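# Structure at a glance
Here's the letter readout for the chains.
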Protein chains: 2
Amino acid sequence: MELIPLGTSSATVVQDRGLSANVLRSRGKVLLFDCGDGTQFRLLKAGIRRSRIQAIFISHLHGDHYLGLFGLLISMSLERRETPLTIIAPQKLIDIIRAIPGLRPGEIHFQIQYIVLAEDCKTQEVYRGHGLQVRAAPLDHGRFCVGFRVEKIDGPNRIDGALAHAHGIDQQEQFERLAAGHTIQLSDGRMVSPDQVKRQSRDAFAYVTDTRPCEGGLDLAGDADLLVHDATFSQEDAERATSTGHSTARDAALLAKTAGAGKLLLTHFSARYSDVMLLRQEARAVFPNTEIAEEYHEYSVTFEGNTSQTDSPNE
Amino acid sequence: MELIPLGTSSATVVQDRGLSANVLRSRGKVLLFDCGDGTQFRLLKAGIRRSRIQAIFISHLHGDHYLGLFGLLISMSLERRETPLTIIAPQKLIDIIRAIPGLRPGEIHFQIQYIVLAEDCKTQEVYRGHGLQVRAAPLDHGRFCVGFRVEKIDGPNRIDGALAHAHGIDQQEQFERLAAGHTIQLSDGRMVSPDQVKRQSRDAFAYVTDTRPCEGGLDLAGDADLLVHDATFSQEDAERATSTGHSTARDAALLAKTAGAGKLLLTHFSARYSDVMLLRQEARAVFPNTEIAEEYHEYSVTFEGNTSQTDSPNE
């Protein structure tokens with residue numbers, strides 16, 4: 001999986017950043033997380049075809065997270081999309097979509113499956129498809145807002161080739177029996193169970209914005225290989241972060257550390273910071289493997305163990 | 001007045017053009033005609049402050065003409081705009097705006113005055129303010145769609161200084177009496193009436209899209225100094241223009257010629273034309289003073305007499 005941030009600005013529209021939108025690409029299919037105003041132009045610039053999008057997840061109904069959705073859907077309809085699309089969003093947004101000329105039932109040229117995010121939702125699966133499972137959990141933004149976590153759904157006994165070879169397994173038939181869940185006996189008499197050779201990677205991605213540090217965010221971020229987290233403010237504006245339902249860069253880093261995340265990408269920057277490197281510095285003091293989410297860059301979501309979770313010498 | 005096109009593409013989102021949006025600036029105030037997805041980013045790029053916008057006119061409810069409105073309004077509200085804004089639009093759009101979280105009555109931080117474009121409207125005044133009058137007229141797009149015409153409202157006897165001087169008028173008191181509508185007598189006995197020295201310029205701008213050539217468009221474009229007109233298709237796609245309720249470049253030119261317009265700007269180009277100079281060529285064969293509307297360029301809307309309305313030698 002790769003993550004491609006398309007917009008990293010918080011609510012204010014600024015010249016050099018887009019509004020919230022994040023592409024997660026896996027085996028050529030795309031999941032889109034949030035869809036701020038102008039997202040369809042950013043998809044175009046990133047060379048990501050609209051037709052690849054399988055599902056769109058809207059975290060909450062502040063305009064900078066969803067107002068690009070209508071234009072994107074109209075474009076999908078104009079190009080006579082045939083693949084169904086899944087939209088995971090609060091009911092109110094679904095109602096608005098259904099009132100937009102061109103998107104009303106009977107007018108739109110493709111099928112939309114709506115998954116309603118209920119305001120009293122707990123951590124729960126909201127999507128499953130194309131080898132991916134997505135869970136949502138409520139965040140703490142002062143209004144209804146959810147975060148998401150994506151994991152690859154490997155078969156229960158997906159075999160790690162290198163590990164199998166290390167055990168002396170080299171025949172196709174042996175692989176197949178292990179993958180089917182059977183323990184096998186090798187020619188030298190040793191027994192090998194599926195658990196001994198199954199792939200450990202889970203390739204987990206967590207998207208946690210907009211929120212104060214909270215239980216739901218921690219839950220989603222647990223052992224995530226890549227965590228994208230709200231870092232709207234610097235520590236010196238911590239009070240403003242709390243009052244507006246956001247996190248500081250340090251908040252994000254503390255959560256990444258507690259959750260045992262692999263890598264932290266900071267996003268959703270307030271327009272007040274002309275240089276967001278200050279935010280990276282504040283986060284790295286707590287969680288060294290932190291980067292600023294750069295728009296149009298590709299970030300790999302790959303299980304790499306826990307090597308990056310060493311404490312900073314400054315801590 | 002100056003016109004600044006911000007988006008010249010028809011429905012399809014393409015890399016190098018924006019969706020319909022046109023700024024008309026007069027004495028530092030801005031009227032915005034249509035507001036396609038992404039318009040607020042284009043305003044920013046053009047250096048046009050949102051706070052300058054006095055009124056927004058929406059021609060019709062195809063997404064490429066209005067879906068940038070919600071984000072723009074949210075941004076105006078976030079920046080705590082205090083000036084009231086006028087929105088001239090069909091009722092359905094007003095209903096949608098009022099359903100958007102953050103724009104609902106009681107949530108928005110500034111006053112919006114809505115002027116409803118009724119589906120059975122005739123040519124009528126829809127806005128008056130900041131020395132400008134705007135009229136709307138129904139177009140022929142296959143669905144409800146209107147065009148607009150802007151004129152400066154000069155006082156009934158606004159005096160042309162150069163003309164007055166040519167008549168031998170040089171005293172402030174004489175100017176004031178003429179401006180107040182009185183005929184005056186000069187020291188040599190000659191009588192000068194306000195009609196003899198009043199300013200002829202009317203600085204008229206017409207915005208006619210999306211439409212087949214029609215009576216309403218002709219009415220709006222009559223003697224306009226600058227006419228922005230739908231030129232979605234080339235003549236070789238004339239049937240497609242008719243079937244989709246649009247004009248060819250030649251249609252636009254014929255209308256400009258019949259209306260006695262000063263200058264024609266072509267806009268709303270189908271994505272099928274990689275080189276729109278073909279469209280300009282087709283139009284110029286009929287109406288020589290034709291240009292392709294270039295995004296971010298400033299076009300003066302100034303009364304220049306009829307000098308540009310000569311026929312092309314090719315006609």
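The sections below set out a description of the structure shown in this document.

Calculation notes
Residues numbered from 1 in each chain as written. Chains lettered and ligands numbered in written order. Predicted model: local features only at pLDDT ≥ 70, side-chain atom pairs only at ≥ 80, totals over all residues. Heavy atoms only, no water. 1 Å grid on protein atoms, 1.4 Å probe; cavity = no way out; pocket = protein on both sides within 12 Å on 5 of 7 lines; lining within 4 Å. Points joined across faces, edges and corners; volume = space filled by probe spheres on them. Helix = DSSP H or I, 4+ residues; strand = E, 2+ residues; numbered from the N terminus. Nonpolar A, V, L, I, M, F, W, Y, C, P; charged D, E, K, R; others polar. Least-squares fit on C-alpha atoms with pLDDT ≥ 70 in both. Contact = heavy atoms within 4.5 Å. Buried area = accessible area lost by both parts, 1.4 Å probe. Salt bridge = Lys/Arg side-chain N within 4 Å of Asp/Glu carboxyl O. Polar contact = N/O pair within 3.5 Å; in protein donor to acceptor, adjacent residues only side chain to side chain. Core = buried A, V, L, I, M, F, W, Y, C linked by side-chain atoms within 4.5 Å. Buried < 20%, exposed > 50% of the residue type's maximum accessible area, 1.4 Å probe, protein only. Pairing = 2+ DSSP bridges. Axes fitted to C-alpha atoms, helices over the stretch in contact; angles between N-to-C directions.

## Points about empty space enclosed by the protein
According to the stated counting rule, one finds one cavity of 30 Å³ or more in the structure shown. Roughly 60 Å³ of internal volume is contained in the largest cavity. Every residue along the wall of the largest cavity is listed here: A:Gln40, A:Gly71, A:Ile74, A:Ser75, A:Leu78, B:Ala11, B:Val13, B:Leu19, B:Asp37, B:Gly63, B:Asp64 and B:Leu67. When residues of the lining of the largest cavity are assigned to their parent elements, the largest contribution, four residues, is made by helix H2 (residues 69–78) of chain A. The class makeup of the residues in the lining of the largest cavity is six nonpolar, four polar and two charged.

## With respect to the relation of the copies chain B and chain A
At an RMSD of 0.1 Å, chain B and chain A line up after a rotation of 180° and a shift of 0.0 Å along the axis. In the structure described here, the two chain copies are related by an operation that fits a two-fold rotation axis. Looking at the rotation axis and the C-alpha trace of chain B, the residue lying nearest is B:Gly38, at 2.3 Å. Mapped onto chain A, 100% of the interface residues of chain B are again interface residues, and the two copies thus contact each other with one and the same surface.

## A closer look at the interface of chain B and chain A
Each partner contributes to the interface: chain B provides 29 residues, whereas chain A provides 29 residues. Between chain B and chain A the total buried area reaches about 2400 Å² when both faces are included, carbon and sulfur atoms providing 63% of it. By the criterion of area lost to chain A, the three top residues of chain B are B:Val13, B:Asp37 and B:Phe41, representing 25% of everything that side buries. Inspection of the chain B/chain A interface yields zero salt bridges. For the pair chain B and chain A, the number of links is two residue pairs in polar contact (both at pLDDT 80 or more). Put simply, the parts of the chain that give the side of chain B that touches chain A at least two residues each are helix H1 (39–46), helix H2 (69–78) and helix H3 (91–97) of chain B. With five residues, H2(B) is the largest single contributor of residues to the side of chain B that touches chain A.

## A few points about the nonpolar core
Counting 68 residues, the largest nonpolar core has A:Phe70, A:Leu73, B:Phe70 and B:Leu73 as the members making the most contacts within it. Not counting residues within four places of it along the chain, the set of residues in contact with A:Phe70 comprises A:Leu93, A:Ile96, A:Ile97, A:Ile100, A:Leu103, B:Leu67, B:Phe70 and B:Ile100.

## Examining the sheet that holds strand E13 (residues 226–230) of chain B
All names here are of chain B. Taken in spatial order, the seven strands make up an open sheet running E7-E8-E9-E12-E13-E14-E15, and their pairing is mixed. Each having just a single partner strand, strand E7 (124–129) and strand E15 (290–292) make up the two edges of the open sheet. In this sheet, adjacent strand axes meet at a mean angle of 20° when their direction is disregarded. Examined bridge by bridge, E13 and strand E14 (residues 263–267) share five bridges and lie parallel to one another. In the strand pairing of E14, Leu227 is matched with Leu264. Against the sheet, helix H10 (residues 277–284) engages E14 and E15, with an angle of about 170° to E15.

## Some points on unusual backbone geometry
Of note, the bond from A:Thr209 into A:Asp210 is cis; its omega dihedral lies within 30 degrees of zero at -5°. As for its position among the elements, A:Asp210 is in the loop between strand E12 (204–208) and helix H7 (215–221). For A:His268, which is not glycine, the phi torsion reads 65° and is therefore positive. Within the secondary structure, A:His268 sits in the loop between strand E14 (263–267) and helix H10 (277–284). You will see that B:His130, though not glycine, has its phi angle at about 50°, which is positive. Mapped onto the fold, B:His130 is located in the loop between E7 and strand E8 (132–138).

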